[in-house]
Amino acid sequence: MFRNFIKVSIRNLLKDKVHAGINLTGLMVGIFCSLVIILYANYELGFDRFHEKKDRIYRIATSYDANSGLAVKTSLSPSGLSPNLTQEITAIENSVRLLRYKGTITIQAENKKAIYEEKNIFRTEAQYFNIFNTSVIEGDITAALTVPNSIVLTESLANKYFSNQNPLHQTLFVDGQEYTVNAIIKDMPKNSDLYAEGFIWYDFSDYETWNDFDVYTYMLLRDNYPANESVISSVEKLVNDNCTALKAYNMKSSIAVDLQPLVDVHFINGLADDTPKGNRSYIYMLLAIGVLIITLVVINYINLFIVKSTERTTEVGIRKALGAQKIELIIQFVCEALLLTLIAFILSIILLLVFLPYINNYFGIQLLIRDLFEKRIILAILTTLVVVGFVSAIYPAFFLSSMNISRGLKGKGNLPSTQRVRKVLLVMQFSISTIAIICTFIIKGQMAFIWNHNLGFEKEQVMVVNVPEFTIYDKELYLLRDELVASSMESSVVGSTSYPGGESTPWQLVWSIDNNEKTEIAIDTYYTDENFGQLLNIPLVSGRNFQPDDNESDLQNTILVNESYVKFMGWKNNDDALGQRITVFDNYWDIIGVVKDFHYQSLSMTIKPLFIAMANEEWPLEKRLLVKVKHANDIKKVQEKWKTVTAAPFSFSFLDEDFQKYYKNEETLTRISSYFTLMSLLLAGVGLFGLSSLLATQRNKEIGIRKILGGSDIGIVLLLLKDFLALSCIGYIISISISWYIMSSWISQFPYQSTISLYWFLIPAFIIFLVTILSTSSHIIKGAMIKPVDSLKHE
């Protein structure tokens, strides 16, 4: 019997190729979009879920809770914490420290030397491989990092360094010191918060401290031990009891600890010194978009089937007269829908194979076809296909199978109830498409507002040259800067992340004494030279800039602050800040100037107090070079001068591009919403095209009679078109309130918001009406132009 259902389904699909083609196109587009969304959501939500012990691994994040109320939360913790965790707290089985490596790797072979700058290598300890998953290719991974000056490489990095020879036990140079490759491991999946391509042995005991927060600390809980308040308070007590600086300087601040589950780390935002983060709410929005796309596909199928049903009523009547049961008819129609869905799925997979590399490149991700074969992905796909096929066919199937035999044999299947259902579905379709357009306009408007917002500094044409650790001495770096300045190129040396768009903003715990009251502040900090403000055109509103040539103390004991710092301290005006002293343990800084507030972080945060100190040989160790370029040839000039002072790779980015990385999640949302809008309009257009074709055909007799009674072609076109326009108008009205609610909630999360403009609602109305007219008018006009004799002679 099932074989017969399939055979009849194929026959019916081939019988009406146009109708089947329209449905197939809609299904294929919808399923393709859904597959991409499922893969993307799986990629994002799958961060670090490949580790077997993921449910027991936690990152220890900390925060300075200053008595002033200005606190800083950081993903780092003291390097002295990790070795004491297992000794002091029973619930903790193991722990490990990681420190991102920012130097260069040198390969010396056959009198040739190659220097590589790597961004995904960590200094760590042997127990890392007991906590996190690792697939070993060669070597003993348990002992690989127990030997000093050893290194573990991933397969891809090993091939990069030693392509023509076995990499195991080969030597390379890390910051000029010789290291031995003790193990080769498989490449780590890209969706890891601490994505690594290599691990370097590091003796943390030489630099252990409780007063500096400088390493990532991950801990492994024992089986059946939850990360409850008892464990958190134990870790917190351990940190506060051993942080001697707080006691020695009678600090009123305290250190709080947060245990972050490994699988949540990628989605925890707002921490200093952290890796790039995702946004779970955007992933759920993306999945909701997938559901809406599938909804549009189903609506198209049902609408076309309902209109087409008049041609199937005679078939149903004959089948019933010959003894067919209701359940058999339902199965027949469901089989047709499932068969069409299966064909669309196969075509969607082919499209995915073709376009996936472009999608990965466009979004900067790593989606793989093989991910479709994961259990949860297979389940999601099968669920989608069954839902699409079953839901699409179930209403039309019940409608036709419930028809009595006499009505079916007379070919009367277009009941008023189906017309109401069809109109409701059309309104839903218009509403979804219009909501997509309005939301896309508002999202793009907010992002345009952010990108064009006055940031308080000039970010255009500023090149950020990376300076790897231990590759160039400070004196040589400043000499390079001075040579660039002498050649009419503005240049500035800054701390590694002390610039807008940096990976994270450095911070420091400081205090100020005013009227014998000690105000402790966890404050954002920039380390720069005297050229920084001029290069970025940051106005000085009070006092003076750094003048190290005239004032030697500027190198160690003077700072600039921003206007927000002045307001936070409660000083009446900017001049009152001049001469105020800020203390940092055994050091002090005197305020010599106040700069105008500028957005040194993303516009998702308000401007916070900031102080700017001079970068010197002692602090910070890591530095970058900012260069203002006016012509493309300037980049080549900088590179030529760079080669005169170091053999390290010349790598750079541009400040505006770095700053835009703050909005990676929002940019992804903007792109996806744009594509969803295009897909929804395409699906709506395809559905309306097919629907208008069928309706125009069914109303041939009515058109003929109207023309005989004097109806004009234009009048008939408007008559047939007004139903579609009326439904699109209703859908548009419904969409306004829904779009306003969704976008008001979304845009409220930004401290700096664009105004929701009226034209963001008017333009979508024009677009949806235009799509409606273009999709339907060709068939309507064609139907209206038919001669009455041709439309009536077959009746």
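See above for the structure.
Residues numbered from 1 in each chain as written. Predicted model: local features only at pLDDT ≥ 70, side-chain atom pairs only at ≥ 80, totals over all residues. Heavy atoms only, no water.

**Focus on the overall build of the protein**
Then step 1. Secondary structure assignment for the protein yields 23 helices and 25 strands.
Then step 2. Split into buried and exposed, the 795 residues of the protein put 53% on the buried side.
Then step 3. Restricting to contacts in the protein with at least 6 residues of sequence separation, those with at least 24 account for 80%.
Then step 4. Of the roughly 36200 Å² of accessible surface on the protein, a fraction of 56% belongs to carbon and sulfur atoms. (Helix = DSSP H or I, 4+ residues; strand = E, 2+ residues; numbered from the N terminus. Buried < 20%, exposed > 50% of the residue type's maximum accessible area, 1.4 Å probe, protein only. Contact = heavy atoms within 4.5 Å. Areas by Shrake-Rupley, 256 points an atom, 1.4 Å probe, with all protein chains shown as cover.)

**Quick notes on the packing of helix α14 (residues 474-486) against helix α17 (residues 632-643)**
Then step 1. It is the contact of α14 with α17, at a shortest axis distance of 10 Å, that shows an interaxial angle of 145 degrees. As α14 packs across α17, the resulting crossing turns out to be right-handed. Packed against α14, whose contacting residues are L480, E483 and L484, the element α17 presents V638, K641 and W642 at the interface.
Then step 2. For the contact of α14 with α17, a count of residues per class yields 4 nonpolar, no polar and 2 charged. (Axes fitted to C-alpha atoms, helices over the stretch in contact; angles between N-to-C directions. Left-handed = near helix turned anticlockwise from the far one by under 90°. Nonpolar A, V, L, I, M, F, W, Y, C, P; charged D, E, K, R; others polar.)

**Some details on empty space enclosed by the protein**
Then step 1. According to the stated counting rule, one finds 5 cavities of 30 Å³ or more in the structure shown.
Then step 2. In this model, the largest cavity occupies a volume close to 80 Å³.
Then step 3. Forming the walls of the largest cavity are D48, H51, L98, Y128, F132, M188, S192, D193, L194, Y218 and L262.
Then step 4. When grouped by side-chain class, the residues that make up the lining of the largest cavity number 7 nonpolar, 2 polar and 2 charged. (1 Å grid on protein atoms, 1.4 Å probe; cavity = no way out; pocket = protein on both sides within 12 Å on 5 of 7 lines; lining within 4 Å. Points joined across faces, edges and corners; volume = space filled by probe spheres on them.)

**Topic: unusual backbone geometry**
Then step 1. Phi angles above zero are rare outside glycine, and N224 is one such case at about 70 degrees.
Then step 2. Inspection of the secondary structure puts N224 in the loop between β13 (213-221) and α6 (229-242).
Then step 3. A relative accessible area of 79% places N224 in the exposed class.
Then step 4. Although it is not a glycine, N537 sits at a positive phi angle of roughly 55 degrees.
Then step 5. Considering the arrangement of structural elements, one finds N537 in the loop between α15 (532-535) and β19 (540-543).

**Some details on the nonpolar core**
Then step 1. If you look at the biggest cluster of nonpolar residues, it comprises 56 residues, and the most contacted ones within it are Y64, L85, V152, F199, Y218, M219 and V235.
Then step 2. When residues in this core are grouped by element, the largest group, 6 residues, is from β13.
Then step 3. Not counting residues within four places of it along the chain, the set of residues in contact with M219 comprises R56, I57, Y58, I60, L85, I92, N94, S95, V231 and L259.
Then step 4. Ranked by size, the runner-up nonpolar core spans 49 residues in total, among them L27, A41, I293 and I299. (Core = buried A, V, L, I, M, F, W, Y, C linked by side-chain atoms within 4.5 Å.)

**Observations concerning the pattern of salt bridges**
Then step 1. For the structure on display, the rule yields 25 salt bridges.
Then step 2. In this structure, K102 and E622 form a salt bridge, with 2.9 Å as the shortest nitrogen-oxygen distance. Here E622 lies in the loop between β23 (610-614) and β24 (623-628) and K102 lies in the loop between β4 (92-100) and β5 (104-109), a separation of 520 residues in the sequence.
Then step 3. For E622, a relative accessible area of 25% gives the class partly exposed.
Then step 4. For the salt bridge of K237 with D241, the shortest nitrogen-to-oxygen distance reads 2.7 Å. Here the residue K237 and the residue D241 both occupy positions in helix α6, the gap between them amounting to 4 residues, near one helical turn. (Salt bridge = Lys/Arg side-chain N within 4 Å of Asp/Glu carboxyl O.)

**A closer look at the side chain of N616**
Then step 1. Its place among the elements puts N616 in the loop between β23 and β24.
Then step 2. The class of N616 is buried, set by a relative accessible area of 12%.
Then step 3. For N616, the side chain forms a polar contact with the main-chain oxygen of L555, separated by 3.0 Å.
Then step 4. Every residue in contact with N616, bar those within four places of it in the chain, is listed here: D474, L555, Q556 and K623. (Polar contact = N/O pair within 3.5 Å; in protein donor to acceptor, adjacent residues only side chain to side chain.)

**Thoughts on the layout of surface pockets**
Then step 1. Here the second largest pocket is characterised by a volume of approximately 550 Å³.
Then step 2. Every residue lining the second largest pocket is counted, 23 residues in all, and those nearest its centre are F32, C33, V36, I359 and Y675.
Then step 3. If you list the elements that add at least two residues to the lining of the second largest pocket, you get α2 (17-45), α8 (280-308), α10 (326-363) and α19 (664-698).
Then step 4. Top element by residues in the lining of the second largest pocket is α2. It accounts for 7 residues.
Then step 5. Taken together, the residues of the lining of the second largest pocket break down into 23 nonpolar, no polar and no charged.

**What to know about the environment of D371**
Then step 1. Relative to the elements of secondary structure, D371 occurs in the loop between α10 and α11 (375-401).
Then step 2. Between the C-alpha atom of D371 and that of N42, which follows or precedes it by 329 residues, the distance is 8.5 Å.
Then step 3. If we ignore the near neighbours within four places in the chain, the residues touching D371 are L39, N42 and I377.

**Thoughts on α17**
Then step 1. Looking only at α17, the buried set comprises D634, V638 and W642. In a view along the axis of α17, the buried residues occupy a sector of 80 degrees, so they form one face of it. Opposite the buried face of α17, at more than 90 degrees from it, the exposed residues are A632, K636 and K643.
Then step 2. Buried residues belonging to α17 abut β15 (462-467), α14 and β24. (Arc of directions from axis to C-beta.)

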